[in-house]
Amino acid sequence: MPLTPEQRITLHGFNNLTKSLSFNMYDICYTKTREERKAYIAYIDEQYNAARLTHILKNVADIIGAHVLNIAKQDYEPQGASVTMLVSEGPIEEPTKEDFDESPGPLPDTVVMHLDKSHITVHTYPEYHPDEGISTFRADIDVSTCGEISPLKALNYMIRSFDTDIMTMDYRVRGFTRDTTGHKLFIDHEINSIQNYIPTEIKALYDMIDVNVYQENIFHTKCKLREFDLNNYLFGYTKDKLSIEEQKDITESLKWEMDEIFYGKNIPYA
């Protein structure tokens, strides 16, 4: 029987560690005219509206074995959307050791595992440069779990759910739990990089940088596509419609934008 938000949720086998995964993706596009910018924003708003984002988050909930308690979703004017999902432990069978292992996780198949309480959110931010012909789309997804499992299980699916030029990922473990002798545990699994949980075929596509604070259980990885094909960044036409000089200028402009996002700072444009 579906639970209502007013009903109390029973927690059991409780582990006080909170594991949070923040996944940020960026899509970059060259939009030469105002009409192209408006068309790009409209396209993004349709592709990643609240209904589509809700579908993605429901699949994330399935992957981490969560029972959805409540969904709040909203499309915004002039652009963007948000979805917030409160979840708890879903109907479970006896979990196996493999259920608790940190791993990239599956594509969206139902996986049954233990979850005490959690939330999953997504917010989108389409925007464009007013002068330089660059439009960008950013989606921020946060998966926070409390218990033995890790939101890293959903990483594989989230990467494959977005057509991503740049990704930044943060994983952190907060709080502590105790073993049966009362000894505090500030983390309950081995990890030295988020890259350990990214499939090999995905890692082959990206340049990656880690910024980790191991003693604080904070892990950060950012990724940028290695290969660049101008046709993938033009909206509504291909590069054969442009002169060689135009292709060169647009390529430089796009790569400059991507480098600024990847390195997280303004870079003087040569």
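Refer to the preceding data block for the structure.
Here is a short report on the structure shown in this document. In this text the structure is predicted, and so the values were computed from the model without any measurement.

Per the counting criterion, the structure on display carries 10 aromatic pairs. Each ring, one from F262 and one from Y263, has its centre 5.0 Å from the other, and the planes form 70°; the classification is edge-to-face. Owing to a relative accessible area of 3%, F262 belongs among the buried residues under this scheme. Through a chain of ring-to-ring contacts, three or more aromatic side chains come together here, namely F23, Y48, F137 and F162. In this structure, K184 packs its charged tip against the face of F176, placed 5.5 Å from the ring centre. Above the ring of F262, the side-chain terminus of K222 is found at 5.7 Å from the ring centroid.

Okay, unusual backbone geometry next. Following E77, the chain continues into P78 via a peptide bond in cis, with omega recorded as 5°. Checked against the element boundaries, P78 lands in the loop between β2 (66–75) and β3 (81–89). Positive phi is not limited to glycine here, since N217 has a value of about 55°. Relative to the elements of secondary structure, N217 occurs in the loop between β9 (206–210) and β10 (218–225).

For E260, the position within the fold is in helix α6 (residues 244–263). One buried charged residue, E260, remains without a salt bridge, the closest side chain of opposite sign being K265 at 9.7 Å. The residues touching E260, leaving out its near neighbours within four places in the chain, are K265, N266 and I267.

By the element assignment, T136 lies in strand β5 (residues 134–146). A residue is classified by how much of its surface remains accessible, and T136, at 6% relative accessible area, is buried. A polar side-chain atom of T136 sits 2.4 Å from a polar atom in the side chain of E127. With residues near it in sequence (within four places) discarded, T136 still touches D27, I28, Y40, Y125, P126, E127, E257 and I261.

Calculation rules
- Position labels on residues start from 1 in each chain and follow its written sequence.
- Local features in this predicted model are restricted to residues whose pLDDT is 70 or higher, and side-chain atom pairs enter the listing and the counts only when it is 80 or higher, whereas totals over whole chains, interfaces and linings include all residues.
- For the side-chain quantities, the full set of heavy atoms in the structure was used; hydrogens and water were omitted.
- Only centres within 6.5 Å qualify two rings of Phe, Tyr or Trp (six-membered ring in Trp) as a pair; their planes then separate them into stacked at under 30 degrees, edge-to-face at over 60, and tilted for everything else.
- Residue burial is assigned from relative accessible area. The probe radius is 1.4 Å, only protein chains are included, and a residue is buried under 20% of its type maximum, exposed over 50%, and partly exposed in between.
- To sit over a ring, a charge needs its Lys NZ or Arg CZ within 6 Å of the ring centre and within 35 degrees of the ring normal.
- By definition, any uninterrupted DSSP run of H or I lasting at least four residues is a helix, any uninterrupted run of E lasting at least two residues is a strand, and each is numbered from the N terminus.
- For the charge count, each Lys or Arg is scored as positive and each Asp or Glu as negative, with His and the chain ends excluded.
- The salt bridge definition used is simple: a Lys or Arg side-chain nitrogen within 4 Å of an Asp or Glu carboxyl oxygen.
- Residues are treated as being in contact if the distance between any of their heavy atoms lies within 4.5 Å.
- Polar contact is the term for a pair of N or O atoms within 3.5 Å; when the atoms are in protein, one must be able to donate a hydrogen and the other to accept it, and sequence-neighboring residues count only if both atoms are side-chain atoms.

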